[in-house]
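Chain and residue survey
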Amino acid sequence: MCGIVGYVGPRVATPMLIEGLKRLEYRGYDSAGIAMSNGHGLETRKAKGKISMLEGLVNGNPIHGSVGIAHTRWATHGKPNECNAHPQVDCTNTIAVVHNGIIENFSALRKMLQMQGHTFKSETDTEVLAHLIEAAFDGKLEDAVIDALALVEGTYGIAVLSSKDPDKIVCARKGSPLLIGLGEGEYFVASDAAAILQQTRQVVYLDDGEMGVLTKDGYEVLDLDARRVSKGVSRIDWSLDEIEKGGFDHFMLKEIFEQPQTIQNTMRGRLVVEEGFSKLGGLNLTKDELKAIDQIVITACGTSWHSGLIGELYTEELARIRCEVEYASEFRYRNPIVTDTTLCVVISQSGETADTLAAMREAKRRGAKTLGLVNVVGSTIAREDDGGIYLHAGPEIGVASTKAFTSQVAALALLTLKLARLRNMSVVKGREVAEAMLALPAQIQSILDHASEVEEIAERFKDATNFLYLGRGYQFPVALEGALKLKEISYIHAEGYPAAEMKHGPIALIDSEMPVVFIAPHDAVFDKVVSNIQEVKARGGKVICITSQEEPVLEGMIDHEIRVPQTIDMLYPILTVIPLQLLAYYIAVKRGLNVDQPRNLAKSVTVE
Ligand code: G6P
């Protein structure tokens, strides 16, 4: 979603700001802009579309200065066009604001400001901030920002410039991430570390209700009563290579191919094979607290919700703990049953998804212990949860989540091992799980080595208009995830269903044009799935089958077969999802689509 980057220091700001915006492209956006305070008032350039459009504009009509803010906008209020792009300015062009989030009472504030004589140019909620700060300005930008924010309801990560208090950036956060980057005699503000990684690794994460005041001589963090807050400095460990394509055509393909390493990183140091146990240092729960848990609620969105469905099967089948999986957006507005013996497992790649964060806060408020399965170190969920398991999958840039999913499932397996071994799981069973987990990286590699076979299937079906993905047991969430991947990047309508449930509706869609992907490894329900394959075949559907060994019973029933190595039932999702990621990827590429930045989607959804 929207991205912010800002710079104050001795250097020429524009190239760094444009570079920073490019690093934020992956988050999804539809317009971009930049504003500079350079001693001659404020200069702004904005463009609809890609950063390259803004870059072209800035090259043709340069914008000079060394104090600037820039933004990528993902439209919420008002169409994506130049006028609605940020920075938004006030009537007198003395205040420029970039904003992530939503000002919920913007309509009332706009009316109030119009009555006071302010003239609005855009349809955005953000513009009210520029006018509010203009109205409150009395010489010191941070004071005006504090006064303005006191009137605002909603969420924001903002960065503000003023030509009347030049050489300064003021930034503030409530519900939308923001960090300050520390350089040598120069300071940055960004909504995502990727934007400034090339410049510095030392960062200060702002919390809700905090603001940063940045000049080239230093920075201060204040609360919204202007009191100084002392903050620790964190170091970002990601390398630049990790946020570059490294020879792959797309980030998504790179991330699919990274999975042998990323899953290894998730498991590293955490599996105690001999004891069939897992060591998870960040849980912050004693053995007694872990034993007392009598209910698990998993809450998440999108792909993370799919891994949560697998987590539900793990905890109920292996740890024998009741488990519910909830869309975070639903959970937060229900009246869920949560007690102090409930463990709320919050799954999020970004650690910033607004609904997931709100659901976690709600669970906490109701007395549950919260445990974050998060990839982005230092993200809001990771900082606010009671305990956590970092995924260690490295930055995920492709909008369609791939490596985070397999790491989430692996982290859920590690958690289950811990909970189950403290209860009823035998050491023998625990060892079986741990040994099977250790084999996963090489098994994923062997699937990737045959990626070209999936590419051939993609060529055959790239023009299909509908797809059905079917699986049972552990493979039902994989069917949902396979269908989601295809929808997200190829724009082909796809549905995931429990294979037997297909008879109650989707079977009506099946004809000779309809590709049906069965995820049918040799697990406990394989024979049942075979009957469902027969039902599709009998209606002329084209069957693509992901399975795990040669099986005479499938002869003549399937049109295309993709083989994954054998593992224990619970770990098949980590293998069977790989060909589905590849299938979606190759189909989208063959349709000529922008795989890494699909239309309308955002990597990190920071609004409700
Ligand atoms: C967005 C992304 C999805 C992701 C979902 C949840 O919709 O496009 O890929 O699964 O958000 O994100 P999270 O960062 O919380 O896992």
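Residues numbered from 1 in each chain as written. Predicted model: local features only at pLDDT ≥ 70, side-chain atom pairs only at ≥ 80, totals over all residues. Heavy atoms only, no water.

What about the overall build of the protein?
Counting secondary structure elements, the protein contains 18 helices and 26 strands. Its C-alpha radius of gyration of 25 Å places the protein within 12% of the 25 Å reference for a compact globule of 608 residues. Projected onto its principal axes, the C-alpha positions of the protein cover 80 × 55 × 45 Å. The buried share of the protein, taken over its 608 residues, is 61%. Across the protein, contacts joining residues at least 24 apart in sequence account for 71% of those joining residues at least 6 apart. Charged side chains in the protein number 62 positive and 80 negative. The centres of these two groups are separated by 1 Å. (Helix = DSSP H or I, 4+ residues; strand = E, 2+ residues; numbered from the N terminus. Rg over C-alpha atoms; globule rule 2.2 N^0.38 Å. Buried < 20%, exposed > 50% of the residue type's maximum accessible area, 1.4 Å probe, protein only. Contact = heavy atoms within 4.5 Å. Lys, Arg positive; Asp, Glu negative; His and termini not counted. Charge placed at Lys NZ, Arg CZ, Asp CG, Glu CD.)

Re the site of the ligand
Close contacts around the ligand come from 14 residues, with S304, S348, Q349, S350 and T353 the closest. Interatomic distance of 2.6 Å between a side-chain N/O atom of S304 and an oxygen atom of the ligand. Between the ligand and S350 there is a distance of 2.7 Å, counted from an oxygen atom to a side-chain nitrogen or oxygen. Looking at which element gives the most residues to the shell around the ligand, the answer is helix α9 (residues 302-319), with three residues. Of the residues assigned to the shell around the ligand, the class counts are four nonpolar, eight polar and two charged. (Near = heavy atom within 4 Å. Polar contact = N/O pair within 3.5 Å; in protein donor to acceptor, adjacent residues only side chain to side chain. Nonpolar A, V, L, I, M, F, W, Y, C, P; charged D, E, K, R; others polar.)

Some details on the sheet that holds strand β19 (residues 342-348)
Spatial ordering of the open sheet is given by β18-β17-β19-β20-β21, a layout of five strands whose pairing is parallel. This sheet does not close on itself; its edge strands, each paired only once, are β18 (322-327) and β21 (387-390). Between one strand axis and the next, the sheet turns by 20 degrees as a mean value, whatever way the strands run. In this sheet, β18 lies alongside strand β17 (residues 295-300) in parallel orientation, the contact comprising six bridges. Bridge pairing in β18 links I298 to V325. (Pairing = 2+ DSSP bridges. Axes fitted to C-alpha atoms, helices over the stretch in contact; angles between N-to-C directions.)

Digging into the pattern of salt bridges
Enumeration according to the criterion identifies 33 salt bridges in this entry. Between K429 and E432 there is a salt bridge, and its shortest N-O distance comes to 3.5 Å. Taken as a pair, K429 and E432 lie in helix α14 (residues 427-448) at a separation of three residues, close to a single helical turn. Look at the salt bridges and you will find they share partners, linking R173, D208, R361 and E384 into a network. (Salt bridge = Lys/Arg side-chain N within 4 Å of Asp/Glu carboxyl O.)

Overview of the sheet that holds strand β14 (residues 234-235)
Here eight strands make up an open sheet; going across it, the order is β3-β2-β4-β1-β10-β9-β11-β14 and the pairing antiparallel. Single-partner strands in this sheet number two, and they are β3 (42-48) and β14. Relative to strand β10 (residues 187-190), strand β1 (residues 3-8) is paired through four bridges, and the arrangement is antiparallel. Of the residues in β10, the one forming a bridge with G6 is V189. Running over the sheet, helix α1 (residues 13-24) touches β1, β2 (31-37), β4 (67-73) and β10 and is turned about 160 degrees from β1. Running at roughly 140 degrees to β3, helix α2 (residues 51-60) makes contact with β2, β3 and β4 of the sheet.

Observations concerning the domain arrangement of the protein
Its domain assignment divides the protein into domain 1 (3-236), domain 2 (246-438) and domain 3 (449-597). Each of domain 1 and domain 2 was reduced to a C-alpha centroid, and the two centroids are 34 Å apart. At the junction of the two partners, domain 1 supplies seven residues and domain 2 supplies nine residues. Taking both partners together, domain 1 and domain 2 bury about 690 Å²; carbon and sulfur atoms supply 48% of that area. Interface area lost by domain 1 to domain 2 is led by Y26, R173 and Y205, which between them contribute 62%. In this structure, the salt-bridge partner of D208 is R361, at a minimum N-O distance of 3.2 Å. Our enumeration of links across domain 1 and domain 2 arrives at four residue pairs in polar contact (both at pLDDT 80 or more). (Domains from an automatic or database assignment. Buried area = accessible area lost by both parts, 1.4 Å probe.)

Details of the packing of helix α13 (residues 403-421) against helix α18 (residues 572-590)
How two helices pack is summed up by the angle between their axes together with the distance between the axes. Where α13 meets α18, the axes come as close as 10 Å, and the angle between the chain directions of the two elements is 175 degrees. As judged from the angle between their axes, α13 and α18 are roughly antiparallel. Taking contact as the criterion, the partners of F405, T406, V409 and A410 in α13 are, on α18, I574, V577 and I578. Counted by class, the contact of α13 with α18 contains six nonpolar, one polar and no charged residues. (Parallel < 35°, antiparallel > 145°, perpendicular 65-115°, else oblique.)

A word on unusual backbone geometry
Peptide bonds are mostly trans, and most non-glycine residues show a negative phi. Here the bond from H86 into P87 is cis, since omega is 5 degrees, no more than 30 degrees from zero. Backbone geometry places H392, a non-glycine residue, at a positive phi of 55 degrees. Secondary-structure assignment places H392 in the loop between β21 and α13. According to the relative accessible area criterion, H392 is partly exposed, its value standing at 38%.

Structural notes on helix α7 (residues 259-267)
Two residues of an α-helix separated by three or four positions point the same way, owing to the 3.6 residues in each turn. Looking at α7, one finds that the buried residues are Q259, P260, T262, I263, T266 and M267. At the C-terminal side of α7, G269 shows a positive phi close to 75 degrees.

A short note on the nonpolar core
Ranked by size, the top nonpolar core spans 92 residues in total, and within it Y314, V345, M437, F467, Y469 and L571 carry the most contacts. Top contributing element to this core by residue count: α18, with 13 residues. Excluding residues within four positions of it along the chain, V345 makes contact with I296, V297, I298, T299, L371, L373, L412 and L415. Residues L21, A193, Y205 and F251 belong to the second largest nonpolar core, which totals 35 residues. (Core = buried A, V, L, I, M, F, W, Y, C linked by side-chain atoms within 4.5 Å.)

So, helix α17 (residues 526-537)
Taking 1.5 Å per residue, 12 residues should reach 16 Å; α17 reaches 16 Å between its end C-alpha atoms and fits that length. For α17, the full list of buried residues reads F526, V529, V530, N532, I533 and V536. Looking straight down α17, one finds that the buried residues subtend no more than 165 degrees of arc, so they occupy a single side. Residues of α17 that are exposed and angled more than 90 degrees away from the buried face: D527 and K528. If you follow the buried residues of α17, they end up packed against β22 (466-471), β24 (515-519) and β25 (542-547). (Expected span 1.5 Å × (residues − 1). Arc of directions from axis to C-beta.)

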